[in-house]
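Listed below are the residues making up each chain.
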Amino acid sequence: MSAVRTAAPPPAPAGRFGGLLRAEAHRFVARRFIQVLLLLAALGWVTATVIGLTQFASTTPERLAAAQQQLQEEVELSNEFREQCLASTDVPADAAPDEFCGPPVTAADLDLDWYLDPAPFSLASAGTAGAVAFGAAGAVLAFLVGATFVGAEWSSRSMVALLFWETRRPRVLGAKTAVVAVASAVLGVVAHGAWLATAGLWQVVAGDGAALPDGFWSELLATGGRGVLLTTLIGLLGFGLTNLVRNTGAALGVGFVYFAVLETAVRAVRPAWQPWLLTDNAAALVLPDGLTLYTGFDPVTGVSTEYLLGNLQAGVFLAVVAAVVLTVGTVLFTRRDLH
Amino acid sequence: MPAVEMHAVSKSYARRGRRPQQALDSLDLVVESGGVHGFLGPNGSGKTTTIRVLLGLIRPDAGDVRLLDRPVPDGLPQVIGSVGALVETPLFFPGFSGRRNLRLLAETAGVPRTRVEEVLETVDLQDRADDRFKGYSLGMKQRLGIAAALLKSPRLLILDEPSNGLDPAGIRDVRELIRRLGNDGSTTVLLSSHLLAEIEQVADQVSIMARGRCIASGPVHEVLSGRSSGDVRVRVPDRAAAAAVLAAAGFTVTPTADVLVVSGVPAPGEITRVLAQHGHYLEELTPVAADLESAFLALTAEPA
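Keep in mind that this is a model prediction, so the values were computed, not measured.

Participant: Quick question: what am I supposed to make of the overall build of chain B here?
Facilitator: From N to C terminus, chain B includes 11 helices and 14 strands. For chain B, the C-alpha atoms occupy an extent of roughly 75 × 50 × 35 Å along the three principal directions. Across chain B, every contact between residues at least 6 apart in sequence was considered, and the portion connecting residues at least 24 apart equals 67%.

Below you can see the structure in the form of structure tokens.
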């Protein structure tokens, strides 16, 4: 080994938070498993886009005429059945014929798309639903990324090594939390960008060419924004949960038991508690008008109890859960002896 | 100003279904600035717990701890930039290269990147710096750990078993490095090791731990002489006559091939006086000191 520098500096404080933040960001970006997860997600997106192209086809005058004819035949067949129904003796005396056999069927009652196989892609009707789906997929990915980021720190024990450099534990965790929050938000934005790219491609190649309704883009943007919020909160939840149990596998196990066992049991045994379930709140946060839950059923009156879980309520609930998990993890991390 | 001060520091670990384990028991330890301070003790004596307390990883139950004149843990952020540490096994991301691991640490502490190359050169790892850490041999991992500890150009360098896994050449290199750092006048090295020869070769001061206490501390040679065997080696031209004189004076004498070994001597000067009175003049008079291993074993022996 060669000579070392021998200058005697005065006592030096720990590095600045900005340096810690940059180092955490670089550590995050360089993590191989995170790169693999993102690559798999990108492959999944490409695959879904390609599959979509095979499932949709734009309309031609010939396909439209054939579908129109098929629709007309369906209308005529339905009305024939109705005539037979009206002529039969099965109609109860106290029931109106239209009530028992239904009203006459017209072409307006049927959707022409049903007779187009493959159907064209409709951005107007599928745009928001796709944004919700991509938001959900982004949230799952953010959970995994957040969990594996801090899980790797614990399994390699580099979390402890970091404390030789920055002894203020809340700062260490704060820098990691900030990086996960930003990364999860970016992931959410990218997920919605990916959906727009997919939907745009489908619309151009196999779209129905229909005009978009008023307010379409504002609703899509709002859904995308709530999706980004969901991705951020779920990423932080994955990070916080894994930091609590200090192991990625254990955190995923806890997540599985919660989603597969606890939520299923609550839905079956205590449906009134559904507004407190994470998945319902996640769905309610992203869906344009929130989520309507059926929280009870009176067998005497036959009336179901409905509960509307709104966007704001769901967002606040998820934010509080994430904050509690992160705070408990930080407090424990600050107080624990580290070996 | 001492680099390390610990007064009446205690720490016990809770154990399920059993009495708590006392890791540190009113430990008093002072490491003066400069030089190499050896930190010796058998397994479980509390060495690593002491180091973890110094670095703020473990909170003691009682006692005062100061590092570079700042209280631990509250004052640690003010001095941690001057403290380098390698505790047990080096902790790095296995999937990152050695260079990337060091760069990330340097970024955390605001250390320039050029320093990374300097310390890689110091530990002779430049050629393998771009290999992944998980592919390193134990010795290379240890060297990277030392490089990380040196990144901050520390005033206090804490090394816990730095020779673990190193081959003989690596051990020699690490000892030379520690010696150089200890001699540079600006770095204090606290060297925890179970290799007594290592402490003997490189340390100026030594503290010996047993059962969570510091049971001996001071310059290495003083700790050794304080554990003198009480024997004195005497070389004279006429061994037979000198042996007879000493025996007549009440000493227990054991002749060997070329010297006399006189046992149970409270004051070696008495031998000089007795022999000179009878016309025997000394060629050598050497107290037979116990080696560090003997002193260490005697000091750390479990009480009966």
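Participant: Just checking my understanding: could you explain the overall build of chain A for this structure?
Facilitator: The helix and strand tally for chain A stands at 11 helices and two strands. A compact globule built from 339 residues would reach a C-alpha radius of gyration of about 20 Å, whereas chain A, at 28 Å, exceeds it by more than 25%. Referenced to the eigenvectors of the C-alpha coordinate spread, the extents of chain A come out at roughly 105 × 55 × 30 Å. Counting all 339 residues of chain A, 40% fall into the buried class. Pairs at least 24 apart in sequence give 75% of the contacts found in chain A among residues at least 6 apart.

Participant: What's the story with the packing of helix α1 (residues 17–30) of chain A against helix α3 (residues 98–109) of chain B in this structure? I'm lost.
Facilitator: In helix packing, the relevant descriptors are the interaxial angle and the interaxial distance, both defined with respect to the helix axes. Closest axis-to-axis distance for the α1 of chain A/α3 of chain B pair is 7 Å, and the angle between their directions is 155°. Taken together, the axes of α1 of chain A and α3 of chain B lie roughly antiparallel to each other. Between α1 of chain A and α3 of chain B, the contacting residues are Gly 19, Leu 20, Arg 22, Ala 23, His 26, Arg 27 and Ala 30 of chain A on the first element and Arg 100, Leu 104, Leu 105, Glu 107 and Thr 108 of chain B on the second. Its residues assigned to classes, the contact of α1 of chain A with α3 of chain B shows five nonpolar, three polar and four charged.

Participant: In this structure, what is going on with the domain arrangement of chain A? I would like to understand it.
Facilitator: Often the size quoted for an interface is simply the accessible area lost on bringing the parts together. You can read the domains of chain A as domain 1 (17–55 + 122–262) and domain 2 (64–115). Taking the mean C-alpha position of each, domain 1 of chain A and domain 2 of chain A sit 48 Å from one another.

Participant: Explain the domain arrangement of chain B here, please?
Facilitator: Structurally, chain B comprises domain 1 (4–218) and domain 2 (231–288). Put simply, the middle of domain 1 of chain B and the middle of domain 2 of chain B, counted by C-alpha atoms, are 46 Å apart.

Participant: Could you clarify how one ought to interpret empty space enclosed by the protein in this entry?
Facilitator: Tallying each qualifying case throughout the model produces three cavities of 30 Å³ or more. Estimated volume of the largest cavity: approximately 150 Å³. If you trace the largest cavity, you find 17 residues lining it, with Ala 161 and Phe 164 of chain A together with Ala 85, Phe 92 and Ala 148 of chain B closest to the centre. Elements supplying a minimum of two residues to the lining of the largest cavity: β6 (83–86) and α5 (138–150) of chain B. Looking at which element gives the most residues to the lining of the largest cavity, the answer is β6 of chain B, with four residues.

Participant: It is not clear to me how the nonpolar core should be interpreted in this structure. Could you clarify?
Facilitator: Nonpolar side chains in soluble globular proteins generally cluster together in the buried interior. With 105 residues, the main nonpolar core has Met 6, Leu 55, Leu 102, Leu 151 and Ile 158 of chain B as its most contacted residues. Excluding its chain neighbours within four sequence positions, the residues that come into contact with Leu 55 of chain B are Phe 164 and Thr 167 of chain A together with Leu 76, Val 83, Ala 85, Val 87 and Ile 158 of chain B. Counting 25 residues, the second-largest nonpolar core is a separate cluster that includes Leu 241, Val 266, Val 286 and Leu 309 of chain A.

Participant: Got a minute to help me understand the interface of chain B and chain A in this structure?
Facilitator: Tallying the contact residues gives 50 residues for chain B and 44 residues for chain A. Across the chain B/chain A interface, buried area totals approximately 4,200 Å², and carbon plus sulfur atoms make up 59% of it. On inspection of chain B and its partner chain A, the count reaches two salt bridges. A salt bridge links Lys 11 of chain B to Asp 337 of chain A, with the shortest nitrogen-to-oxygen separation between them at 2.6 Å. Our enumeration of links across chain B and chain A arrives at seven residue pairs in polar contact (both at pLDDT 80 or more). No other element matches α3 of chain B, which puts six residues into the side of chain B that touches chain A. Looking at the side of chain B that touches chain A, its residues break down into 25 nonpolar, nine polar and 16 charged.

Cut-off values and rules
- Residues numbered from 1 in each chain as written.
- Chains lettered and ligands numbered in written order.
- Predicted model: local features only at pLDDT ≥ 70, side-chain atom pairs only at ≥ 80, totals over all residues.
- Heavy atoms only, no water.
- Helix = DSSP H or I, 4+ residues; strand = E, 2+ residues; numbered from the N terminus.
- Contact = heavy atoms within 4.5 Å.
- Rg over C-alpha atoms; globule rule 2.2 N^0.38 Å.
- Buried < 20%, exposed > 50% of the residue type's maximum accessible area, 1.4 Å probe, protein only.
- Axes fitted to C-alpha atoms, helices over the stretch in contact; angles between N-to-C directions.
- Parallel < 35°, antiparallel > 145°, perpendicular 65-115°, else oblique.
- Nonpolar A, V, L, I, M, F, W, Y, C, P; charged D, E, K, R; others polar.
- Domains from an automatic or database assignment.
- 1 Å grid on protein atoms, 1.4 Å probe; cavity = no way out; pocket = protein on both sides within 12 Å on 5 of 7 lines; lining within 4 Å.
- Points joined across faces, edges and corners; volume = space filled by probe spheres on them.
- Core = buried A, V, L, I, M, F, W, Y, C linked by side-chain atoms within 4.5 Å.
- Buried area = accessible area lost by both parts, 1.4 Å probe.
- Salt bridge = Lys/Arg side-chain N within 4 Å of Asp/Glu carboxyl O.
- Polar contact = N/O pair within 3.5 Å; in protein donor to acceptor, adjacent residues only side chain to side chain.

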